Amino acid sequence: YVVYTKDTHYKNYLDTREGKELPVEHCIEKTDGHDLYGKVASINKEEYGNKFNINKETFGAYIEGGRIKEAILESKEIELVGVVTNMCVISNAIIFQSHNVEAQIIVDASLCGSFNRELHEKALDVMEGLQIKVINR
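What comes next concerns the included structure.

Cut-offs used in this document
- Residues numbered from 1 in each chain as written.
- Predicted model: local features only at pLDDT ≥ 70, side-chain atom pairs only at ≥ 80, totals over all residues.
- Heavy atoms only, no water.
- Helix = DSSP H or I, 4+ residues; strand = E, 2+ residues; numbered from the N terminus.
- Core = buried A, V, L, I, M, F, W, Y, C linked by side-chain atoms within 4.5 Å.
- Buried < 20%, exposed > 50% of the residue type's maximum accessible area, 1.4 Å probe, protein only.
- Contact = heavy atoms within 4.5 Å.

1. Some words on unusual backbone geometry
Residue V84 follows V83 across a cis peptide bond; omega there is 0 degrees. Within the secondary structure, V84 is located in the loop between β3 (77–83) and α4 (85–99). Backbone geometry at C27 places phi at a positive 55 degrees, although glycine is not the residue there. For K30, which is not glycine, the phi torsion reads 65 degrees and is therefore positive.

Here it is, written out as structure tokens:
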């Protein structure tokens, strides 16, 4: 299964709690900044039978019922990549681990990033402390 999230905000972003803490408009729904781009956009157009998109409105993905939750619960191994390591990646790693305590959760550090290198490294440390396997560090 491939499950991917799209950070999703709305025109009122700067009025939200997150927007007040991080006052940089980004990923506003129905704008170019919300769209996938480059190779990821072209791969997204290819047909994969086990691909799921989650438009997430906060750091962690809301795990809906149906096939998305089923994909997570059935997996023996879940690998996460993305940005921002110290916000979304760590939140989703913990959520996925909480939904499937027997799955090996893996975070590929070489495919993650943050606006703050120190927080990136600290987040990887915390995830390792939570028995999440961090690779390519």
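On we go from here.
2. Overview of the nonpolar core
Judged by nonpolar contacts, the single largest core of 21 residues is most densely connected at I78, L80, A93, F96, I105, V107 and M127. Within the residue set of this core, elements represented by two or more residues are α3 (66–74), β3, α4, β4 (104–113) and α5 (117–129). Ignoring any residue separated from it by four or fewer positions in sequence, one finds I105 in contact with I78, L80, A93, F96, Q97, I132 and K133.

That is the geometry; function is a separate question.
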